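Summary of the model geometry
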Amino acid sequence: MAKNKMTATKKISLRFPRHLVSRPVVYHLIKDFNLELNILKANITSEEGHMVLELKGERADFDKGIEYLTQSGLIIDTLCREVTRNEERCTDCGACVTVCPSSSFTVDPVTREVRFEEDKCVVCGMCILSCPSRSMELHF
Ligand code: SF4
Ligand code: SF4
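Let me sum up the structure you'll find in this document.

Conventions and cut-offs
In this numbering scheme, every chain counts its residues from 1 along its sequence in written order. Note on labels: chains are lettered from A, ligands numbered from 1, in written order. Owing to the predicted nature of the model, reporting of local features is limited to residues with pLDDT of at least 70; listing and counting of side-chain atom pairs is limited to 80 or more, with chain, interface and lining totals taken over all residues. Side-chain numbers here rest on the full set of heavy atoms in the structure, without hydrogens or water. What we call a nonpolar core is a set of buried Ala, Val, Leu, Ile, Met, Phe, Trp, Tyr and Cys residues that are connected through their side-chain atoms within 4.5 Å. Under the scheme applied here, a residue whose accessible area is under 20% of the maximum for its type counts as buried, over 50% as exposed, and between as partly exposed, the area being computed with a 1.4 Å probe on protein chains only. A helix here means a DSSP run of H or I that spans at least four residues, while a strand means a run of E at least two residues long, and both kinds are numbered starting from the N terminus. By the convention used here, residues are in contact when the closest approach between their heavy atoms is within 4.5 Å. Here, a strand pair is defined by DSSP locating no fewer than two bridges between the strands. In this tally, Asp and Glu contribute negative charge and Lys and Arg positive charge; neither His nor the terminal groups of the chain are included. A carboxyl oxygen of Asp or Glu within 4 Å of a side-chain nitrogen of Lys or Arg is what we treat as a salt bridge. When at least one non-hydrogen atom of a residue lies within 4 Å of a molecule or strand, that residue is treated as near it. Classification used: nonpolar for Ala, Val, Leu, Ile, Met, Phe, Trp, Tyr, Cys and Pro, charged for Asp, Glu, Lys and Arg, polar for all others including Gly.

Some remarks on the nonpolar core
Ranked by internal contacts, the top residues of the largest apolar core, which has 19 residues, are Ile12, Leu14, Phe16, Val25, Leu29, Leu69 and Leu74. Broken down by secondary-structure element, the contributors of at least two residues to this core are strand 1 (7-16), helix 1 (25-33), strand 3 (49-58) and helix 2 (59-71). With residues up to four places along the chain from it excluded, the contact list for Leu29 reads Asn34, Leu35, Leu37, Leu53, Leu55, Gly65, Tyr68 and Leu69. One finds Cys96, Cys100, Phe116 and Met136 within the second-largest nonpolar core, a separate group that totals 10 residues.

Quick look at the structure:
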């Protein structure tokens, strides 16, 4: 069964040291790493900057974007935890459906495909323990 490439959505908190305040990092994240970006909070002065961003994109692009930020000297205060599914590994066995306390998984009544809704996930980790094919992954 063909499945989409793995995507990631994460909230990150960035601090800019004084010498990086004027650097266009947001522009580079969008242009060079194909990431969708939502600025949730920004407080930038001539002395320092603090931004909370929601980033969305393919997993590989996301990882490259984070690498770019850290190599640029920005300080990533928090990377919120999240659980993602490796779609290529999932066999639609259904083991995760009954253990999930937030009903993040549903079974398509026709195809029997197991859908995963990341937005509902409360990052309890139960599916990671129960998945026989190790499709569910915890990220920071
Ligand atoms: S981590 Fe917990 S809440 Fe999230 S999908 Fe897995 S079982 Fe459901
Ligand atoms: S337990 Fe793992 S392999 Fe089975 S449906 Fe859930 S994510 Fe897919």
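So that's the structure; there's more coming.
Quick notes on the pairing of strand 2 (residues 36-44)
Taken together, the eight bridges between strand 2 and strand 3 define a ladder with antiparallel strand orientation. Looking across to strand 3, one finds that Leu37 is bridged to Leu55.

What about the side chain of Asp61?
Mapped onto the secondary structure, Asp61 falls in helix 2. Notably, Asp61 is buried but unbridged: the nearest opposite-charge side chain belongs to Lys64, and the N-O separation is 4.5 Å. In this structure Asp61 touches Phe33, Asn34 and Leu35, once residues within four positions along its chain are discounted.

Considerations on the site of ligand 2
Neighbouring ligand 2 are 14 residues; Cys90, Cys93, Cys96, Cys131 and Ser133 lie closest to it. For the shell around ligand 2, a count of residues per class yields eight nonpolar, four polar and two charged.

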